[in-house]
Amino acid sequence: MEANVGLLFLLIGVSYGVETFCDARQDGAQCLGSWGGTVFVKLMDQASGTPRIDWVKGATLILRWRNNAIVANTIMSRSEFIPNNGTFRINNLRNSDSGKYTLNLFDSEGKEKGTRNLQLSVEGRSPIRVGAISALVFYLILLLVCVIILCVQSKKQKSKEKLNADLTYVDVRVVQQQGRKSVKQNMEEEVEYSQIKTAGDFSRIKQKT
């Protein structure tokens, strides 16, 4: 059990230590990240001097840069935009981070002047979730084994009680048979005694005559 827990934490540590670098300056770039790891996405050479950019995933806004300042970052708790090298870093990658990202570039008048797409794929699954499922299966098997042991013990107890009942019945029958035998012996002894007594009386009568 301790070895399994140690392996689980080792897997978590390895996943969290993986870093991936992606160049999204070319349209149609492909990026592969690891669950729990970090991905560095290079959106441009630098953001300074760029009037406005929007980085979205589908219809969800991820980053908005305007007039040399970050206006919005919807995943700020686990990400950071570095303006001087145009890199967006995402920590603690999740499976939900997978998808198509689009960078929209605008001029100073707010007109769109270009778009670039990036496909991000996050591999692997949460080791915590896998560990939880494994633990659940383990405890279910343990519960099943306990139920089987209890059933076997209950069956043995019933067999033992039945055996004791059978032995008690046999003892009663033996006592009854011994009692009957004693009565029979007493009757035979009384009959024999009566026969001896009758023979003695007949002998005395014969002597008198």
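Residues numbered from 1 in each chain as written. Predicted model: local features only at pLDDT ≥ 70, side-chain atom pairs only at ≥ 80, totals over all residues. Heavy atoms only, no water.

Naming follows an unreviewed UniProt entry, where the protein appears as Immunoglobulin V-set domain-containing protein of Ilyodon furcidens.

> Just to check I follow, could you spell out unusual backbone geometry for this structure?
Backbone phi values are negative for most residues with the exception of glycine, while trans is the configuration of most peptide bonds. Despite not being glycine, Asn67 shows a phi value in the positive range, around 55°. Locating Asn67 in the fold gives a position in the loop between strand S5 (60–66) and strand S6 (70–73). Positive phi outside glycine occurs at Asn92, with the angle close to 50°. By the element assignment, Asn92 lies in the loop between strand S8 (87–90) and strand S9 (99–106). (Helix = DSSP H or I, 4+ residues; strand = E, 2+ residues; numbered from the N terminus.)

> In this structure, what is going on with the pairing of strand S4 (residues 52–57)? I would like to understand it.
Moving residue by residue along a regular strand, the side chains alternate between the two faces of the sheet. For S4, a buried count of 5 out of 6 residues is recorded, marking the element as mostly surrounded by other parts of the structure. Of the pairings in the sheet, the one linking S4 to S5 comprises 6 bridges and is antiparallel in character. When the bridges of S5 are listed, Asp54 appears paired with Arg64. Where S4 hands over to S5, the hairpin turn is made up of 2 residues, of which Gly58 adopts a positive phi near 65°. Where S4 meets S9, 6 bridges bridge the pair, whose relative direction is antiparallel. The partner of Lys57 across the bridge, within S9, is Tyr101. (Buried < 20%, exposed > 50% of the residue type's maximum accessible area, 1.4 Å probe, protein only. Pairing = 2+ DSSP bridges.)

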